[in-house]
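# Notes for the structure review
The chain contents come next:
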Amino acid sequence: MTRCDPGHKLAGMTTAFVRNQWYVAAYGREIGRELFTRTVCGESILFWRTGNGAVTAMSDRCVHRRFPLSEKPSHLVGDTVVCGYHGFTYGADGVCVAVPGQTRVPRTARLRAYPIVEQDSFVWVFIGDPTLAATTRIPRAPWLDKPGWTVVAGMEPLAARASLLVDNLLDLSHETYLHGGYIGTPEVAETPITTEVDEEAGIVYVSRRMADAACPPFYSNSTGLTGRITRWQDIEYTPPCLYLLHSRIAPVGVLPNDDGSDPDAFHVEVVYAITPETEHSTHDFWAVARDFALDDQEVSDYLEKSNRTVVLQDVAALDTLEQVIATEPDGYQELSINIDTGGLAARRMLARMRAK
Ligand code: FES
Ligand SMILES: [Fe+2]
């Protein structure tokens, strides 16, 4: 672990994708027996489930004349997909099994197939050299698919580059200003952070622990706590895709026991998957898992609605920034302060991964 000093200089902003990595392409529930398409790192990918329930992923461009296989009248017949333009037919591995007007199927008639793993409610897809997929780590978010936790989740399209969302999530001081009245209170911006980088594991940690803070509506309405709270925000970002915010809320002065048990606190695991769609747009997957009020639908509805509102506040701000960047002259210099150490560490790590 290395302790980070605040940086005062930014690495140049770059928009190229980090390849040879796993990205979240969808929630598992989004993919069934309908043809489903999503663009990840500039690649249009077709997803569907076989009769056995396995998710397949292959290029969404027919090898014949590029017709998108997700586009009607393309359709599934058993475990094959039939192109809606001239009928090229592909198996679950992307290999063409039939073409019109001749019995011989050209040997090169195959769609690019993508390695896929379904885990923690997400469908992960490997972007890059598929031979590297098996040895490349997929970070975990076990709370999304685990007894004892209740989850609300969604995905918002972001018309901004992924690096802007990384910046946003690594610096939560913006909660006080952009999300005042929802999750922001003055203490978030007032409380200093600590930033640590585990180079070997490839993880950036940012911690902000507020000993005595106002309870924002997001937590008072869901936990029932009314007084001042101890509020911990421990971020764990595994570039490029997975961001975790371990959030702990308890009455002031209530700390975990020495043995690590923590029965008097409320725990919320906020998970984001940051998946570039193009160089200037991003799939903003968000999920909120809680270990309290597990069967309370009212709490679920409230958290879903208010978290989506908060995410959309970020989306609006980041969409604006993307427009600002698109129209500014070259050479704009940002100014960074202590709150930016996490974001800067993440940028450095992403730049190194990109250069590999
Ligand atoms: S474009 Fe698909 S069969 Fe012609
Ligand atoms: Fe935010």
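Residues numbered from 1 in each chain as written. Chains lettered and ligands numbered in written order. Predicted model: local features only at pLDDT ≥ 70, side-chain atom pairs only at ≥ 80, totals over all residues.

By the naming in an unreviewed UniProt entry, the protein chain is Vanillate O-demethylase monooxygenase subunit, taken from Actinoplanes italicus.

Looking only at helices and strands, the protein chain features 6 helices and 18 strands. Against the compact-globule benchmark of 21 Å for 356 residues, the protein chain has a radius of gyration of 22 Å, which places it among compact chains. Dimensions of the protein chain along its principal axes, counting C-alpha atoms only, are 75 × 50 × 35 Å. Residues classed as buried in the protein chain amount to 39% of the 356 residues present. (Helix = DSSP H or I, 4+ residues; strand = E, 2+ residues; numbered from the N terminus. Rg over C-alpha atoms; globule rule 2.2 N^0.38 Å. Buried ≥ 20, exposed ≤ 12 C-beta atoms within 10 Å, placed from the backbone.)

In this section: helix α5 (residues 297-327). Between its first and last C-alpha atoms α5 spans 45 Å; for 31 residues at 1.5 Å apiece the expected length is 45 Å, and the two agree. All of the buried residues along α5 are L303, S306, N307, V310, D314, V315 and L318. Of the surrounding elements, those touching the buried residues of α5 are β12 (150-158), α1 (162-170), α2 (175-178), α4 (217-223) and β18 (281-290). (Expected span 1.5 Å × (residues − 1). Contact = placed C-beta atoms within 7 Å.)

What follows covers the pairing of strand β2 (residues 21-27). Most of β2 sits inside the fold, with 6 of its 7 residues counted as buried. In this sheet, strand β11 (residues 122-127) lies alongside β2 in antiparallel orientation, the contact comprising 6 bridges. Opposite V24, over in β11, you have W124 as the bridge partner. (Pairing = 2+ DSSP bridges.)

What follows covers the UniProt feature "domain: Rieske" (unreviewed entry) in the protein chain. Within this numbering scheme, the UniProt entry marks residues 22-125 as carrying the feature "domain: Rieske" (unreviewed entry). Its end C-alpha atoms 5 Å apart, residues 22-125 is made of 0% helix and 41% strand. (UniProt positions renumbered as here; feature names shortened; annotations may be inferred.)

Here we take up the domain arrangement of the protein chain. According to the domain assignment, the protein chain contains domain 1 (21-135) and domain 2 (142-355). Between the C-alpha centres of domain 1 and domain 2 the distance comes to 33 Å. On the domain 2 side, the residues contacting the 13 residues of domain 1 number 12 residues. Elements represented by at least two residues in the side of domain 1 that touches domain 2 include exactly β2 and β3 (36-40). Per-element accounting of the side of domain 1 that touches domain 2 gives the leading share, 6 residues, to β2. By residue class, the composition of the side of domain 1 that touches domain 2 is 8 nonpolar, 4 polar and 1 charged. (Domains from an automatic or database assignment. Nonpolar A, V, L, I, M, F, W, Y, C, P; charged D, E, K, R; others polar.)

Another point: the sheet that holds β2. Ordered in space as β2-β11-β10, the 3 strands form an open sheet in which the pairing is antiparallel. Both edges of this open sheet fall to β2 and β10 (116-119), since each of them pairs with a single strand only. Along the sheet, successive strands turn relative to each other by an average axial angle of 30 degrees, direction set aside. (Axes fitted to C-alpha atoms, helices over the stretch in contact; angles between N-to-C directions.)

The step from K72 to P73 runs through a cis peptide bond, and the omega angle for that step is 5 degrees. Here P73 lies in the loop between β5 (55-59) and β6 (75-77). In this model, P239 is joined to P240 through a cis peptide bond whose omega is 5 degrees. Topologically, P240 is positioned in the loop between β15 (229-238) and β16 (242-251). One non-glycine residue, R66, lies in positive phi territory at about 75 degrees. Considering the arrangement of structural elements, one finds R66 in the loop between β5 and β6. R66 gets classed as exposed once you count the C-beta atoms within 10 Å, which come to 12. Positive phi values are uncommon outside glycine, yet D120 reaches one of about 55 degrees.

All right, on to the packing of α1 against α5 then. Between α1 and α5, the least distance of the axes is 10 Å, while the angle of their chain directions is 130 degrees. The angle between α1 and α5 places the two elements in the oblique class. Of the two possible hands of crossing, α1 and α5 adopt the one that is right-handed. Listed contacts from α5 to L164, L165 and N168 of α1 are D314, L318, L321 and E322. (Parallel < 35°, antiparallel > 145°, perpendicular 65-115°, else oblique. Left-handed = near helix turned anticlockwise from the far one by under 90°.)

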